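Here is how the chains run, residue by residue.
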Amino acid sequence: GAEKATTREEGDLDEDPTGFYNRKEVAAARVLQTSIRQSMCRIEFLINCKAVDARKAQLIKIITGDPKIMKALIIFQARIRSKLTRARIRRQTKLYKRNEIANEILHTEQHYVKNLEILVNSFLRPIEKILPDKKVKELFSNVEVILGYNSRLLSLLEERMAKFYSVGQKL
């Protein structure tokens, strides 16, 4: 990680196919960003403070007096902020996709159970009155058992999805 950081070019922090940015590095960047913010606040405080010793005054003068250092700090902080924002958007996109997949599974199961109910109620029941049991079994096999299992699965899915949306939990 640290070796790669030294070889990266300016403006090279956007997307990295090598996986340069992982969770540990993002966490480290957050800590570093906080440290920079605190340092900048301390510098501002020291500038406004009357009692400043010579070393602190010299450090403040170097950092605030050198536009290159200030520009580098600002660019670094902007890159960290940008990277953290992209990471948050990626997490939100993954959650959105997962929710869409879960909804698609739910709707597909609802449609399937509805079609099985139509098959049983509109076709199987009337044909049972006309044909012998052996022929009905050949035509419809275990469709009622399948309907039972899928109805139970559907009720569990609906229950889980209702809980997910009401409490905001993860699927």
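Worth saying up front: this structure is predicted, and the values here are computed from it rather than measured. (Residues numbered from 1 in each chain as written. Predicted model: local features only at pLDDT ≥ 70, side-chain atom pairs only at ≥ 80, totals over all residues. Heavy atoms only, no water.)

Colleague: Help me understand the confidence of the model for the chain, please; the structure alone is not making it clear to me.
Modeller: Atom-level detail of predicted coordinates should not be read off regions where pLDDT is low. Of the residues in the chain, 66% reach a pLDDT of 70 or more, and the chain-wide mean stands at 76. Across the chain, the secondary-structure element scoring lowest on mean pLDDT is helix α1 (residues 2-7), at 42, and the one scoring highest is helix α5 (residues 133-140), at 90. Of the regions scoring below 50 in pLDDT, residues 1-20 engages in 22 contacts with residues more than four places distant in sequence or in other chains. (pLDDT = per-residue confidence, 0-100. Helix = DSSP H or I, 4+ residues; strand = E, 2+ residues; numbered from the N terminus. Contact = heavy atoms within 4.5 Å.)

Colleague: Would you explain the pattern of salt bridges in this entry?
Modeller: Side chains that differ in charge, positive against negative, can pair when their charged atoms come close. Applying the stated criterion to the full structure yields 2 salt bridges. Measuring nitrogen to oxygen at the nearest pair gives 3.5 Å for the salt bridge that ties E128 to R125. Taken as a pair, E128 and R125 lie in helix α4 (residues 67-130) at a separation of 3 residues, close to a single helical turn. In this structure, E144 engages R125 in a salt bridge whose closest nitrogen and oxygen atoms are separated by 2.6 Å. Separated by 19 residues along the polypeptide, E144 in helix α6 (residues 143-167) and R125 in helix α4 bring together distant segments of the chain. Given a relative accessible area of 39%, E144 falls into the partly exposed group. By relative accessible area, which is 33% here, R125 ends up partly exposed. By sharing partners, the salt bridges in this structure join R125, E128 and E144 into a single network. (Salt bridge = Lys/Arg side-chain N within 4 Å of Asp/Glu carboxyl O. Buried < 20%, exposed > 50% of the residue type's maximum accessible area, 1.4 Å probe, protein only.)

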